[in-house]
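Now for the letters of each chain:
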Amino acid sequence: MQSLNTFSNRLGLKSMAGLPRKFQDYLMIFLFLLPAVILFLLFVVYPILQSVYYSLFNWKGFGPAEDFVGLANFQNIIKDRVFLIALRNGLLIIALSLFIQLPLSLLLAVLVGRDLPGRTFFRAVFFLPYVLSEVIAALMWLFILNPDPDRGFINAVIVALGGQPLAWLGNPDLVLIAIFAALTWKYFGYHMLLFMTGLQNIPSEIEEAGRVDGANAIQNFFYITLPLLSSTIRTSVYISVLGSLQQFIMVWIMSKGGPVNASETMATYMYRFGFVRFQLGYGSAVAIYMFLLCLIFSLIYLHFTRKPDYLSGLEG
Amino acid sequence: MQARAVYRPTFNARKFLQRFLQYFVLVTVVILVFVPIVILVFGALKTRGELMSSPYTPPIPPRWENLISILTTPRYSFWPMLWNSVMVMVATTTGVVVICSLAAFIFARIDFRFKNWVFQLFTLGLMFPINIAILPVYFVLRQLNLLDNLWGVIIVQTAFQLSGNIMILRGFFAAIPAELQDAAYIDGCTAFDFFWRILLPLAKPALAAVAALTMIMSWNDLLVPLVVINNDKLWPLPLGTMQFQGQYGQDLALVSAFVLLSALPTVVFYLFAERQIVSGLTAGAVKG
């Protein structure tokens, strides 16, 4: 009682202590949720609604939006070749993440296993890039990808092996691969961590039983470990897809979406129109497309798997 | 127990080969992870001339000049940027921990009408990450006159950390046995007493995890400051690092030193708080 009194006194609600319990409870619910709800409505929900409104205008950002254009922005976006490149790049990054990055992370998680000596060391090292900021990761990769073999380490290795140095970030055919390498370097440790935790939740007795029944290591993995890991894999896929759709900082620093838009993503496209060219109505429409894509993907995902585990897992 | 003893792996050639392959792959990946980092450290510890003539050799003897010049040259404004980052990080982390634990407590332990509705609202936030929201958020900040103001960065970072962290804390709070709450109520505690005196002390590891995650997120964030802050006196470290590379990009040794120094706090923090970071991330994503 005492702390509630001091708490309410501080808020100038001295009379509250005498009020019925029920009212106190409601007041507490209200006060506890208030800051979160206000911040969330003002900075997450309201911006969504507002950008829906602005997306219907041709608006340069100065003065009120008056030049109403209806859905023209939305139509122009899907007609823009650059946006389609950005969309394709997003899908490509998703595909590469799902078929290269996640299997690699899973393989490493299995290799590190439960009791390998040095397990904590490997985990700490593999997870380090995830903790470093995207700016630092992008700059480090910018340095080692330098086309000059005397400045870029990767080209130095290629030359030492007898090859020709490559302009990784200057070549439209290579830029996305180079960026994807950097993204994998940065993010595989996170997925590996998820898989390691998932593996740890599988009782070792089950795998042992498989071994007793004569399954070899590979059968054991595909018929026992993998199915039991499916909820972790789903979570990992979900995070990976949403992350790929909105890739921005690493791309912006390494290539600015270039050369000639070859590495454009939807987020760099939106940033270019919103903050470089100040076509805010058009940029808002891009934001809405991205939001809808994420929403549709989430809904499909929910439909097939009920809830992402990082929502449902926390309820139990 | 008997079965276990019989099937305990024995140290034979096959086992040895398997272990060897395991370590071979893992060590290869360790080397790949370290390549960009080692190249950066080597570059930072050489003079500009040394870096030109022998770019990939170890820096023997190490040259500390680049690092010292960054730390002591006011023009490079390393310290003011560090200070801006610290202020934003402290404010954001405090805000996230306080606001999220209040809300998560209600969602986990108190029932009221429309609770599910309000909660669903917050899950929507998970589908609307800041990278997508940044342009719409920019409009709101401009209307509120929060551009070129560190508070703008702090508020936006906090707002976009709410959803995820409320979910994490709600999970932890819900796991505390209901008997404890009943016992506290019987002993005359109010709901607030229970929250303040029993739940929060019990949830310290969870709060530490949320705090550690938020600190990393805030410290590393580039996008929000990039959009909100124009004034170079208010640049936090990541934004400053990017601009430094733009301005002094020709002097690779100097830029390497700057990047190294701006990465150092994160690495040190990671070494100390690895457990909290890992537990926060896995609680947020993995069932169990």
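Draft legend 1. Layout of the nonpolar core. Residues and elements named next belong to chain A. In terms of nonpolar packing, the biggest core is built from 173 residues, with Ala-138 and Val-286 touching the most fellow members. Here the element with the most residues in this core is helix α8 (residues 175-200); it accounts for 17 residues. No fewer than three residues from each of domain 1 (2-54) and domain 2 (81-275 + 285-312) sit in this core. Not counting residues up to four positions away in its chain, the partners in contact with Ala-138 are Ala-182, Ile-249, Met-250, Ile-253 and Met-254.

Draft legend 2. Highlighting the packing of helix α6 (residues 134-144) of chain A against helix α2 (residues 13-44) of chain B. Across the interface, α6(A) lies against α2(B) with an axial gap of 9 Å and an inter-helix angle of 80 degrees. For the element pair α6(A) / α2(B), the angle class is roughly perpendicular. Packed against α6(A), whose contacting residues are Met140(A), Trp141(A), Phe143(A) and Ile144(A), the element α2(B) presents Val35(B), Pro36(B), Ile37(B), Ile39(B) and Leu40(B) at the interface. Its residues placed into classes, the contact of α6(A) with α2(B) shows 9 nonpolar, no polar and no charged.

Draft legend 3. Layout of the domain arrangement of chain A. Per the domain assignment, the segments making up chain A are domain 1 (2-54) and domain 2 (81-275 + 285-312). One C-alpha centre belongs to domain 1 of chain A, the other to domain 2 of chain A; they are set 40 Å apart.

Draft legend 4. Fine view of helix α11 (residues 230-245) of chain A. Under the 1.5 Å per step criterion, the end-to-end length of α11(A) is 22 Å for 16 residues, consistent within 8% with the ideal 22 Å. Along α11(A), the positions that sit buried rather than exposed are Thr232(A), Thr235(A), Ser236(A), Tyr238(A), Ile239(A), Ser240(A), Val241(A), Leu242(A), Ser244(A) and Leu245(A).

Draft legend 5. Spotlight on the interface of chain B and chain A. Facing the 81 residues of chain B at the interface are 82 residues of chain A. If one sorts the elements of the side of chain B that touches chain A by residue count, helix α14 (residues 252-285) of chain B sits on top with 13 residues. For the side of chain B that touches chain A, a count of residues per class yields 61 nonpolar, 16 polar and 4 charged.

About the thresholds
Residues numbered from 1 in each chain as written. Chains lettered and ligands numbered in written order. Predicted model: local features only at pLDDT ≥ 70, side-chain atom pairs only at ≥ 80, totals over all residues. Core = buried A, V, L, I, M, F, W, Y, C linked by C-beta atoms within 7 Å. Buried ≥ 20, exposed ≤ 12 C-beta atoms within 10 Å, placed from the backbone. Helix = DSSP H or I, 4+ residues; strand = E, 2+ residues; numbered from the N terminus. Domains from an automatic or database assignment. Contact = placed C-beta atoms within 7 Å. Axes fitted to C-alpha atoms, helices over the stretch in contact; angles between N-to-C directions. Parallel < 35°, antiparallel > 145°, perpendicular 65-115°, else oblique. Nonpolar A, V, L, I, M, F, W, Y, C, P; charged D, E, K, R; others polar. Expected span 1.5 Å × (residues − 1).

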